[in-house]
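Residue-level listing of the chains:
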Amino acid sequence: MKKTILILTIFIAVSACKVNPFTGKKMLNMYPNSQIFPTAFAQYNQFLNENKTIEGTADARMITNVGQRIAAAAERWLTANGYPGYLNDYKWEYNLVDDKTVNAWCMPGGKIVFYTGILPICKGETGVAVVMGHEVAHALADHGAQRMSASTFQQLGAVAGNVLIKDDKVRNTFNQAYGVGSQVGVMLPFSRGHETEADRIGLQIMAIAGYNPDEAAELWKRMKANSGGQSPPEFMSTHPSNDTRINNLTQWAPLAKAEARKFGVTSFK
């Protein structure tokens, strides 16, 4: 049994690796688009049916227009860097939902929602492009499928421990330690890594789309002010701290502009 679990885990880990075109690094992804996208699309449609979407307004049109520009920029970059057809399975959709929550999100395959509550923080089209770039980047990097894959491995680890440990007392101690340790030591850093990666990729593609990447750090300064400084310690959070993001985005903005120049983009909104 021990040998079987080890072989199965190694097989899954090796077969689940896929290269992230934006970073060149291997990423853990054991769920192909053909498996995860249809489910995500159905969940997205259900969400829209259960919430109030805003259509036909200037803000709704802005969300769609910015999203289309960002997605087109991503496709330009992917094609130029040897990944033509990477987005063939994606079905981009951008909706504005009437909700005071300061948030936006993206489901696998390119299904994006902006809440009206985030628009005052965005303060216009370029701010929307910052958020849109980040959300599109999550879809491009398969972060949803990676989170599902990591969760599967977390569960496999728990199962393996419970199978291998025969003593009830030791097993209980293992379960408590494994639950906290795998969450704080693995899952939360994994999530923060995704957010940082989405910030960097998003900054790059918003610049290629013609939006000023300098605005990204300014948006997060507004996010920080809006939160009133109330946030958990970074090591206990799924997201980097506001200060970490501001510092990163400030450092990366010149690099994003340099990447945009490769595509002939030299002026920004």
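## Quick word on the overall build of the chain
Looking only at helices and strands, the chain has nine helices and six strands in total. Of all 269 residues assigned to the chain, the portion counted as buried reaches 46%. Taking contacts inside the chain between residues at least 6 apart in sequence as the whole, the part at least 24 apart equals 72%. Carbon and sulfur atoms provide 55% of the accessible area of the chain, an area that totals close to 13,600 Å².

## Some thoughts on the environment of Lys18
Along the polypeptide, Lys18 turns up in strand E1 (residues 17-19). Lys18 sits 124 residues away from Asp142 along the chain, and the two C-alpha atoms are 9.8 Å apart.

## Overview of the layout of surface pockets
What the second largest pocket holds in volume is close to 180 Å³. Around the second largest pocket sit 11 residues that line it, and Lys25, Lys26, Met27, Gln146 and Glu197 are the ones nearest its centre. Elements with a contribution of two residues or more to the lining of the second largest pocket: strand E2 (26-28), helix H6 (143-164) and helix H7 (168-208). Residue contributions to the lining of the second largest pocket peak at four residues, all from H7.

## Side note on the packing of helix H5 (residues 125-140) against helix H8 (residues 214-227)
Where H5 contacts H8, the axes come no closer than 9 Å and their chain directions differ by 90 degrees. Here H8 runs roughly perpendicular to H5, going by the angle between their axes. For the pair H5 and H8, the contacting residues are Thr126, Gly127, Val130 and Val131 in the first and Glu215, Ala216 and Leu219 in the second. Its residues placed into classes, the contact of H5 with H8 shows four nonpolar, two polar and one charged.

## Here's the deal with the pattern of salt bridges
Following the criterion strictly, the structure yields 11 salt bridges and no others. For Glu195, the salt bridge is made with Arg245, and the minimal N-O distance between the two is 3.7 Å. Taken together, the positions of Glu195 in helix H7 and Arg245 in helix H9 (residues 242-261) put the pair 50 residues apart, joining distant regions of the chain. A single burial state applies to Glu195 and to Arg245, both of which are buried. Two residues, Asp243 and Lys224, come together in a salt bridge whose shortest N-O distance is 2.7 Å. Of this pair, Asp243 sits in helix H9 while Lys224 is found in helix H8, placing the two residues 19 residues apart along the sequence. Taken together, the shared-partner salt bridges in this structure form one network comprising Arg69, Glu125 and Lys269.

## A closer look at the packing of aromatic side chains
Under the criterion given, the structure shown has seven aromatic pairs. Centroid distance Phe22 to Trp77: 4.5 Å. Interplanar angle 15 degrees. Geometry classified as stacked. Highlighted residues: Phe22 in the loop between E1 and E2 and Trp77 in helix H3 (residues 58-80), separated in sequence by 55 residues. Residues Phe22 and Trp77 agree in their burial class; the two are buried. One aromatic cluster in this structure is built from Phe37, Phe41, Tyr90 and Trp92. Against the face of Phe41 rests Lys111, its NZ or CZ located 4.8 Å from the ring centre.

Rules behind the numbers
- Within every chain, residues take consecutive numbers counted from 1 along the sequence as written.
- With pLDDT at 70 or above as the cut-off, local features in this predicted model cover only qualifying residues; side-chain atom pairs require 80 or more to be listed or tallied, and sums for whole chains, interfaces and linings still use all residues.
- Just so you know, side-chain values use all the structure's heavy atoms and leave hydrogens and water out.
- Labels follow the DSSP assignment, with helices taken as runs of H or I lasting at least four residues and strands as runs of E lasting at least two, numbered in each case from the N terminus.
- Throughout, exposure labels follow a simple rule: accessible area from a 1.4 Å probe, protein chains only, divided by the maximum for the residue type, with under 20% read as buried, over 50% as exposed, and the rest as partly exposed.
- Note on contacts: a residue pair is in contact if any heavy atoms of the two residues lie within 4.5 Å.
- Note on areas: Shrake-Rupley, 1.4 Å probe, and residue coverage restricted to the protein chains presented here.
- Whether a set of points on the 1 Å grid over the protein atoms alone is a cavity depends on a 1.4 Å probe fitting there but being unable to get out, while an open set qualifies as a pocket with protein on both sides within 12 Å along at least five of seven lines; lining residues are those with an atom within 4 Å of a point.
- Grid points are joined across faces, edges and corners, and a volume is the space filled by probe spheres set on the points.
- Axis definition: a line fitted to C-alpha atoms, over the contacting stretch in the case of helices. Angles run 0 to 180 degrees between N-to-C directions.
- Oblique is the label for any angle not covered by the other classes, which are roughly parallel (under 35 degrees), roughly antiparallel (over 145) and roughly perpendicular (65 to 115).
- Residue type decides the class: Asp, Glu, Lys and Arg count as charged, Ala, Val, Leu, Ile, Met, Phe, Trp, Tyr, Cys and Pro as nonpolar, and the leftover types, Gly among them, as polar.
- When a carboxyl oxygen of Asp or Glu lies within 4 Å of a side-chain nitrogen of Lys or Arg, that pair is called a salt bridge.
- Under the pairing criterion, centres of Phe, Tyr and Trp rings, with the six-membered ring standing for Trp, must be within 6.5 Å; the plane angle then separates stacked pairs below 30 degrees from edge-to-face pairs above 60, leaving the rest tilted.
- When the NZ atom of lysine or the CZ atom of arginine is within 6 Å of a ring's centre and also within 35 degrees of its normal, the charge is said to sit over that ring.

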